[in-house]
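Observations on chain architecture
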Amino acid sequence: MEFDDNFLWGGATAANQYEGGYLDGGKGLSTADVMTNGAVDQPRRVTWKNPTTGETGATPFGFGANNRQVPEGAEPAVLDGEYYPSHTATDFYHHYQEDIKLMGEMGFKVFRLSMNWARIFPNGDDAQPNEAGLQFYDNVFDECKKYNIEPLVTLSHYETPLHLAIKYNGWADRKLIDLFVKYATTVIKRYKGKVHYYLTFNEINMMEMSGYMGGGIINATEQTKAQGAHNQFVASALTVRAAHKIDPSVQVGQMLAYGPLYALTADPNDQLKAQVDMQNTYFYSDVQTGGHYPAYRIKKYERDGIKLDDTPEDYELLAHYPADFLSFSCYGSSTVTTHDVDSKDGGNFVTGVKNPYLKTNAWGWATDPQILRIALNNLYDRYHKPLWIVENGIGWADDIGADHKIHDGYRIEYLQQNLASMRDAVTIDGVDLMGYTMWGCIDLVSAGTGEMRKRYGFVYVDRNDKGEGTLNRYPKDSFYWYKKVIANNGEDLSN
């Protein structure tokens with residue numbers, strides 16, 4: 001047997017990209033609900049309105065949109081005439097029974113989904129939770145149970161309640177610590193016995209690249225992003241403490257965006273650059289999983305003049321209540337150099353220069369056949385805690401035929417290489433891996449570009465970049481391939 005019998009195979013989604021129903025059942029607005037669509041060469045925008053002057057406009061935000069700000073006095077808002085993909089997305093809100101049935105047909109052992117904080121507490125600081133929102137997720141978890149699918153729940157996935165972003169500048173304010181813990185505690189108590197695995201913040205190191213997406217920080221500076229990260233660390237530790245008290249069987253993990261970083265050449269300067277750049281990722285897991293602030297980040301804050309609003313108790317919490325396991329996304333590797341080169345690379349977190357040994361797709365994503373083995377060994381050697389790959393996959397412009405067949409051999413080929421690499425890490429290297437959830441298992445909106453045509457799923461959803469389509473679901477070739485992989489527990493990855 002290649003994997004343990006308890007290995008958790010499944011898929012992953014995010015509410016802001018998949019759920020829809022953006023005002024249904026008393027849900028409030030989130031930061032994702034004011035983000036427009038975009039494209040590979042056009043950034044998504046956050047729309048805004050000045051409540052005093054009535055002026056409206058939009059500011060580019062998204063991956064890599066560092067330290068962007070809306071005009072003084074303006075607030076993010078939904079504007080007439082704009083298209084916001086999150087409002088309907090691919091409508092899991094009204095299709096959850098159909099979608100979970102498809103997951104059951106594939107043989108999923110686990111379904112990673114995120115809860116929308118603003119569906120539970122519409123403003124984020126409400127005195128009481130929204131019962132309709134709580135009941136919706138009850139229904140989802142009950143549906144999962146029908147098919148023996150274990151939910152893996154992300155509490156915050158790029159959607160801070162908009163009210164908190166406007167009132168407090170999001171996670172830049174320590175007030176959000178208690179508000180989040182109240183939300184997390186409410187959820188963990190409500191779903192005791194139904195949910196055994198939680199993640200606090202999706203890709204917590206997104207704070208490094210975009211304070212708005214990572215933490216609802218409208219006016220982002222290096223200072224406010226550092227404070228936002230610290231506040232999320234403390235909130236996560238408090239959530240671990242609360243979860244263990246409510247139900248000792250519950251495990252709360254970290255979620256990190258991770259991609260191996262290669263030096264382009266053997267030049268020691270390239271090697272050093274790769275090491276130093278990687279610290280921007282490891283910092284987040286060194287704190288949330290490792291339990292302490294690393295010396296390299298403390299020295300960086302000293303150089304940059306960053307001073308945290310913190311307490312001695314914060315650091316005691318971080319040390320005593322680290323994440324129970326480390327989960328991560330991993331799509332591609334990056335290559336960096338100190339030399340002048342013309343070739344640039346791209347993708348959600350794939351930055352730097354082109355790796356001459358890898359092939360890329362239309363969005364600049366390169367398939368790295370050794371990526372998961374390298375990633376798993378790097379993280380396991382560093383933290384010695386159970387790991388979980390909770391995002392991995394490839395975006396592609398799938399074509400659907402008149403017979404509603406989708407032949408996505410390119411996706412199968414990508415996954416074959418990635419899963420073989422993952423299997424080697426477990427069977428050859430002995431890495432403790434809990435599970436694997438392929439990203440966007442049913443087509444959803446791309447977070448990076450806001451597109452539908454950049455598809456990830458095993459199931460095609462009839463919807464385009466303008467929000468048009470029937471929302472009908474059609475299994476792709478990869479659907480049946482993955483079903484076979486789960487059935488044989490990863491022993492046979494062939495077509």
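Quick caveat: nothing in here was measured; it's all calculated off a predicted structure.

Criteria and thresholds
- Residues numbered from 1 in each chain as written.
- Predicted model: local features only at pLDDT ≥ 70, side-chain atom pairs only at ≥ 80, totals over all residues.
- Heavy atoms only, no water.
- Pairing = 2+ DSSP bridges.
- Helix = DSSP H or I, 4+ residues; strand = E, 2+ residues; numbered from the N terminus.
- Axes fitted to C-alpha atoms, helices over the stretch in contact; angles between N-to-C directions.
- Contact = heavy atoms within 4.5 Å.
- Expected span 1.5 Å × (residues − 1).
- Buried < 20%, exposed > 50% of the residue type's maximum accessible area, 1.4 Å probe, protein only.
- Salt bridge = Lys/Arg side-chain N within 4 Å of Asp/Glu carboxyl O.

Focus on the sheet that holds strand E1 (residues 8–12)
Here eight strands make up a closed barrel; going around it, the order is E1-E5-E6-E7-E8-E10-E14-E15 and the pairing parallel. Recorded for the sheet is a direction-independent mean angle of 25° between the axes of neighbouring strands. Sheet analysis places strand E10 (residues 325–329) next to strand E14 (residues 387–391), joined by four bridges and oriented parallel. Bridge pairing in E14 places Phe 328 opposite Ile 389. Running at roughly 170° to strand E8 (residues 251–257), helix H10 (residues 268–288) makes contact with strand E7 (197–201), E8 and E10 of the sheet.

Examining helix H4 (residues 131–146)
In this model H4 runs 23 Å from its N-terminal to its C-terminal C-alpha over 16 residues, within 8% of the 22 Å that 1.5 Å per residue would give. Buried within H4 we find Gly 133, Leu 134, Phe 136, Tyr 137, Asp 138, Val 140, Phe 141, Glu 143 and Cys 144. Just downstream of H4, Asn 148 is the residue with a positive phi angle, here 55°.

Some thoughts on the pattern of salt bridges
Oppositely charged side chains can pair when the atoms bearing their charge come close. Scanning the model with the defined rule gives 27 salt bridges in all. Put simply, Asp 314 and Arg 174 hold a salt bridge, and the shortest N to O gap is 2.8 Å. One end of the pair, Asp 314, is in helix H12 (residues 312–320); the other, Arg 174, is in the loop between helix H5 (162–168) and helix H6 (175–190), and 140 residues separate them in sequence. A relative accessible area of 3% means that Asp 314 is categorised as buried.

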